[in-house]
Amino acid sequence: MDIRKILVNVEQGRDCTLLLEKALRLAEGSGAKVELFRCCYNSSLRNSYLLDKESLIRAEHGYMHQAEAELEQLVEPFESLGIEVDLDVCWQRHHAEHIVRKVLRFEPDIVLHQIEQHSRLGHYIFDQSDWLLIRECPAPLLLVKQKAWSDGGHVAAAVDPFHECDSPAIMDTTILEWARRMVQTLEGDLKVVHSFNVLPHSAIFDEHLVTDFEGMQRKIREEHVTALDHLLEPFGLSTASAAVSLKEKEAYQGLLEYVDEAHIDMLVVGAVARGLLDRILVGSTVERILDQLHSDLLVVKPPGFESSIKE
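Residues numbered from 1 in each chain as written. Predicted model: local features only at pLDDT ≥ 70, side-chain atom pairs only at ≥ 80, totals over all residues. Heavy atoms only, no water.

1. With respect to the pattern of salt bridges
Once the charged atoms of two side chains with opposite charge are near each other, the side chains can pair. Throughout the structure, instances matching the rule amount to 14 salt bridges. With a shortest N-O distance of 2.7 Å, Asp296 and Lys22 are connected by a salt bridge. Pair noted here: Asp296 is in strand E14 (residues 296-300) and Lys22 is in helix H1 (residues 17-30), with a separation of 274 residues, a long-range link. The same class applies to Asp296 as to Lys22, namely buried. The closest approach of N and O atoms between Lys191 and Asp189, which form a salt bridge, is 3.3 Å. Overall, the relative accessible area of 26% leaves Asp189 in the partly exposed class. Connected through salt bridges with shared partners, the residues Lys247, Lys249, Glu257 and Glu261 form a single ionic network. (Salt bridge = Lys/Arg side-chain N within 4 Å of Asp/Glu carboxyl O. Helix = DSSP H or I, 4+ residues; strand = E, 2+ residues; numbered from the N terminus. Buried < 20%, exposed > 50% of the residue type's maximum accessible area, 1.4 Å probe, protein only.)

Right, here's the structure in full:
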């Protein structure tokens, strides 16, 4: 699971300073090739030339040439470190779909995509194209926020051995493998978090049916500890390790709290298949933490995932 190729989606009109700094750090740590990609489209420009196809084509080419020139100004930090860097610009209206198509052609090991920040500090905008990219991108997708990484990257794998997906162990192993890969690349430290809810008293509708409520809660905790120990054994970790944290809270609450407490730079999570159409969604937990999460988010898909978007 080496990182050999990195695709960086550089959106027009955004401050990409941190995005490029993070791409540079990943490339430097892995020796990967980097490709800076921009998907262009200007509806006003297109509407201005509807009656003249040749002029429209020239205007589009001029617009793309300008975009390419802007990307060329960003390559120097990579080249100065001997990192191979290429550029690619395309003219397409539906950005997310064509980013996925670019991924299918280029086959990067990881994709960096910047999330736009609200005017309110710490809150972010996730538009329809972001969600499409999260669902459909077949490569691990790093959602980059406007928060710098620490010198030693703090990477946490969010796992759940009792997840309702078909093969929770396979998904969790993929999450852990990618978290470990990022730790090696950033020369950081690996942490693991599992947030779960023991049976709350309010869930017992007939307390006469449960004579030992505390015993039932204790059993649930033991089951989670046992399952987590089994999952972590190949990685040289256990629930007794200082790097492993268990949170007895709703998953989204536990993860948000943990990221702040442990000063996490990157949280690694998995996307799972849900619904009758077997579409890939990130699940309610990740949907609830994305905006409030004070770290970058690396979303990985299960092995064998195929995007519904075709090249």
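2. Here we look at the packing of helix H5 (residues 95-106) against helix H6 (residues 128-136)
Two numbers describe how H5 lies on H6: the axes approach to 8 Å, and their chain directions differ by 25°. Regarding the angle of H5 to H6, the classification is roughly parallel. The handedness of the crossing between H5 and H6 comes out as right-handed. Counting all contacts with H5, which are made through Ala96, Glu97, Ile99 and Val100, the residues of H6 involved are Ser129, Leu132, Leu133 and Glu136. Taken together, the residues that form the contact of H5 with H6 break down as five nonpolar, one polar and two charged. (Axes fitted to C-alpha atoms, helices over the stretch in contact; angles between N-to-C directions. Parallel < 35°, antiparallel > 145°, perpendicular 65-115°, else oblique. Left-handed = near helix turned anticlockwise from the far one by under 90°. Contact = heavy atoms within 4.5 Å. Nonpolar A, V, L, I, M, F, W, Y, C, P; charged D, E, K, R; others polar.)

3. So, the pairing of strand E8 (residues 154-158)
Across the five residues of E8, four count as buried, placing the element largely inside the fold. Summarising the sheet, E8 and strand E11 (residues 266-270) pair through three bridges and their orientation is parallel. Bridging from a neighbouring strand, Val155 pairs with Met266 of E11. (Pairing = 2+ DSSP bridges.)

4. Structural notes on the packing of H1 against helix H7 (residues 168-186)
The geometry of H1 relative to H7 is characterised by a closest axis approach of 8 Å and an angle of 90° between their N-to-C directions. One element, H1, and the other, H7, form an angle in the roughly perpendicular class. On the side of H1, the interface is formed by Arg25, Leu26, Gly29 and Ser30, while H7 contributes Met182, Thr185 and Leu186. Split by residue class, the contact of H1 with H7 holds three nonpolar, three polar and one charged.

5. A look at the sheet that holds strand E7 (residues 141-144)
Whether parallel or antiparallel, the strands of a sheet pair through hydrogen bonds between backbone atoms. Spatial ordering of the open sheet is given by E3-E2-E1-E4-E7-E14-E11-E8-E9-E10, a layout of ten strands whose pairing is mixed. With one partner strand each, in any of the chains shown, strand E3 (85-91) and strand E10 (244-248) form the two edges of the open sheet. Recorded for the sheet is a direction-independent mean angle of 20° between the axes of neighbouring strands. Both E8 and strand E9 (residues 189-196) contribute to a ladder of five bridges, which runs parallel. Each residue of the ladder has a partner; that of Ala158, found in E9, is Val193. Its contacts with the sheet place helix H3 (residues 53-72) against strand E2 (33-40) and E3, and it is angled at close to 155° to E3.

6. Concerning the environment of Ile175
Its location among the elements puts Ile175 in helix H7. Ile175 sits in the buried class, given a relative accessible area of 2%. Taking the C-alpha atoms as reference points, Ile175 and Ala271, separated by 96 residues in sequence, lie 9.8 Å from one another. Those residues in contact with Ile175 that lie beyond four places of it in its chain are Ala157, Ala158, Val159, Val268, Val269, Gly270 and Val300.

7. Notes on the packing of aromatic side chains
Applying the stated criterion to the full structure yields zero aromatic pairs. Here the basic side chain of Lys5 rests over the ring of Phe106, its NZ or CZ set 4.6 Å away from the ring centre. A cation sits over an aromatic face here: Lys301 above Phe305, 5.3 Å from the ring centre. (Phe/Tyr/Trp six-rings, centres within 6.5 Å; stacked < 30°, edge-to-face > 60°. Lys NZ or Arg CZ within 6 Å of the ring centre and 35° of its normal.)

8. Re the state of the cysteines
Under the definition given, this model contains zero disulfides. With no disulfide partner, Cys40 has as its closest neighbouring cysteine sulfur the one in Cys39, 7.0 Å distant. Cys90 takes part in no disulfide bond, and the closest cysteine sulfur, belonging to Cys39, lies 3.5 Å away. (Disulfide = S-S within 2.5 Å.)

9. A short note on helix H9 (residues 251-261)
Count 3.6 residues to each turn of an α-helix, and residues three or four apart come out pointing the same way. Looking only at H9, the buried set comprises Tyr252, Gly254, Leu255, Leu256, Tyr258 and Val259. Positioned one or two residues after H9, His263 has a phi angle of 55°, which is positive.

10. With respect to the pairing of E2
Consecutive side chains of a regular strand alternate in pointing toward one face of the sheet and then the other. In terms of residue burial, E2 counts as a mostly covered element, since seven of its eight residues are buried. Looking at chain direction, strand E1 (residues 5-9) and E2 are connected through five bridges and run parallel. Across the sheet, the residue bridging to Lys5 is Lys33, located in E2. As paired elements, E2 and E3 share seven bridges and run parallel to each other. Bridging across to E3, Arg38 finds its partner in Val89.

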